[in-house]
Amino acid sequence: MTTIQGFERENGKVGTRNYVLIIPLDDLSNAAALGVESLVYGTRAIPHPYGRLQFGSDLELLFKTLSGMGRNPNVAAAVVIGIEDNWTQKVADRIAETGKPVEAISIEGKGDLKTIEKAARTAKSMVQAASEKKRREFDISSLVISTKCGESDTTSGLASNPTVGVLYDRLVEEGATLLLGETSELTGAEHYIANKMATPQLREKFMKIFNDYTQEITRHGADLLGSQPTQGNIKGGLSTIEEKALGNVQKAGKSKFMDVLDYAEEPTKKGLNYMNTSSAAAECVTLFAAAGAVVHIFTTGQGNIIGNPIVPVIKISANPKTVSTMSEHIDLDVSGLLRLEYDLNEAANRLYNLLVSTASGRLTANEILRHFEFVPTKLYISA
Amino acid sequence: MKKFLVHTKSDYVGVAVDDVREGETVEGVYMDDGSTVKITSINQIPLGHKIALKDIKRGEKVIEYGEPIGVATQDIKMGSHVHIHNIKSLRWGNLS
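Here is a short report on the structure shown in this document. (Residues numbered from 1 in each chain as written. Chains lettered and ligands numbered in written order. Predicted model: local features only at pLDDT ≥ 70, side-chain atom pairs only at ≥ 80, totals over all residues.)

The number of helices and strands found in chain B is zero helices and nine strands. The N-to-C order of helical and strand elements in chain B reads β-β-β-β-β-β-β-β-β. Rg of the C-alpha trace for chain B: 13 Å, near the compact-globule value of 12 Å for 96 residues, within the 12% margin. Along the first, second and third principal axes, the C-alpha atoms of chain B reach 45 × 25 × 20 Å. Relative to its full complement of 96 residues, chain B shows a buried share of 47%. Sequence-distant contacts in chain B: of pairs separated by 6 or more residues, those separated by 24 or more amount to 49%. (Helix = DSSP H or I, 4+ residues; strand = E, 2+ residues; numbered from the N terminus. Rg over C-alpha atoms; globule rule 2.2 N^0.38 Å. Buried ≥ 20, exposed ≤ 12 C-beta atoms within 10 Å, placed from the backbone. Contact = placed C-beta atoms within 7 Å.)

Residue and element names in this part refer to chain A. The residue Asn 18 is located in the loop between β2 (14-15) and β3 (19-24) in this model. The buried category is assigned to Asn 18, around which 22 C-beta atoms lie within 10 Å. In this structure, the C-alpha to C-alpha distance between Asn 18 and Lys 256, residues 238 residues apart in sequence, is 32 Å. Contacts of Asn 18, omitting those with residues within four sequence positions, involve Phe 7, Ala 76, Ala 130 and Lys 133.

Turning our eyes to something else, we now look at helix α2 (residues 56-71) of chain A. Residues and elements named next belong to chain A. Look at α2: 22 Å from first C-alpha to last across 16 residues, which is about the 22 Å you get at 1.5 Å a residue. Among all positions of α2, only Leu 61, Leu 62, Lys 64, Thr 65, Leu 66, Ser 67, Gly 68, Met 69, Gly 70 and Arg 71 are buried. On its buried face, α2 is in contact with β3, β5 (75-82), α3 (85-96), β6 (102-106) and α10 (281-290). (Expected span 1.5 Å × (residues − 1).)

Glancing now at the sheet that holds β2(A). Residue and element names in this part refer to chain A. Read across the open sheet, the three strands follow the order β2-β1-β7; overall the sheet is antiparallel. For this open sheet the edge positions go to β2 and β7 (136-139), each flanked by a neighbour on one side alone. Bridge count for strand β1 (residues 3-8) against β7 is four bridges, and the pairing is antiparallel. In the strand pairing of β7, Thr 3 is matched with Asp 139. (Pairing = 2+ DSSP bridges.)

Attention shifts here to the sheet that holds strand β7 (residues 67-72) of chain B. Taken in spatial order, the three strands line up as β6-β7-β9 (chain B) in an open sheet, and their pairing is antiparallel. The two strands at the open ends of the sheet, each matched to only one other strand, are β6 (61-64) and β9 (87-88) of chain B. Pairing of β7(B) with β9(B), which is carried by two bridges, proceeds in the antiparallel orientation. When the sheet's bridge partners are listed, Val71(B) is paired in β9(B) with Lys88(B). Lying over the sheet, helix α9 (residues 241-248) of chain A contacts β6 and β7 of chain B, oriented at roughly 165 degrees with respect to β7(B). (Axes fitted to C-alpha atoms, helices over the stretch in contact; angles between N-to-C directions.)

The subject of this paragraph is unusual backbone geometry. Residues and elements named next belong to chain A. Notably, Leu 53 is not glycine yet its phi reads approximately 55 degrees, a positive angle. Within the secondary structure, Leu 53 is located in the loop between β4 (43-45) and α2. Of the residues examined, Leu 53 has 10 C-beta atoms within 10 Å and is grouped as exposed. Of note, Arg 370 is a non-glycine position whose phi angle comes to about 60 degrees, a positive value. Tracing the chain through its elements places Arg 370 in the segment after α13 (365-368). Judged by C-beta crowding, with 8 C-beta atoms within 10 Å, Arg 370 ranks as exposed.

The partner chain B presents 26 residues to the 24 residues of chain A that form the contact. Mapped onto the side of chain A that touches chain B, the elements with two or more residues apiece are α5 (154-173) and α9 of chain A. Split into classes, the residues belonging to the side of chain A that touches chain B amount to eight nonpolar, ten polar and six charged. (Nonpolar A, V, L, I, M, F, W, Y, C, P; charged D, E, K, R; others polar.)

This is the structure we're talking about:
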């Protein structure tokens, strides 16, 4: 049985990091949140451009994304800052359900400077309390892990994605919770994912998500040629969305999907879960983070450099040019697979060992290089 | 060194794992059964790009991973570089 060194949260969930998160509810509160981050060691702010005059399911997704970041087990405590108190309190309340310390602070009636002072004092106490939490041993099955590929090329489908597939199969066997998404990048391979659903009901739920997405594109009178594959994909040798999708789904491994989740929905089933997500890297990883992923595994061909503010993103590439020209961004080089120096099981073993050490505190390239992209998904226009 | 890999025995294309020169005869490996094949390239093929393992007729589906990845928009000779200049998606790109 493999173990990792993690942080236990009040609700029993296990984190791999120990941040105090400063969450701006809206665009107007970014300045105060960044002010607190610059004053207080150990805090991390997640500025974003939204939160005003959103409505309906789009507003609900923003609440779910912001509170999900706070709920994530990699976060020890959170401060939510908003221009007015109602929505701010709403997000804070959802974080408080996990039992972790959280405080809501609104700017109206006091201004940025008094807000920053109040939030900074709170955050300082939270950081001190968080610093007393010690890592201890947990079974690897306690982890929620997500995966996505970006700036893919044919080496992704040949080597790095199948490596993740072998790793995912092993983690399913060991009882971990695994997430996979990228609805748009399944076009041409959607049948492959549909056939891996554990029940006919899940298959139907998945196909509805896929078909709704396709209809949304045609509703705009649009076509994704020109966006999918991307210019980077094409440079790397991918010619069509079908080819990209068939490479993408290699990450899923051989296991069945036990559940189909909506955007940022927290998984309740162990094993492989499908989540509806955009295929844009930062949006997708943000949705996984908001659903509670504590480590992310990101495969790249041409060299995507994305990170996340609270989830370590392990970068793996099999492209020999990328691992040499962009080495500072790549955590695991599996280009030896293309030279037939070792097989997929060996590559997956190396990734497994890196996953264990990363979950136990080893910093990833994105964390060291400060790639902390936080991009909430917006479903439609604001009021 | 093997210069290209092929996902399945039924594929029409291999993927170069190193830059291939025009006129170079290169060996590839089928990843499903480990068997090998030799092809003479008639174009320059950059690392990661595809080489035709057989003649493909215009209008014929192009197979990789044992699945259609698109359709040939012109006749493609064995050994050619296969990319967006001679194949297109069956799913998107039909608006114009």
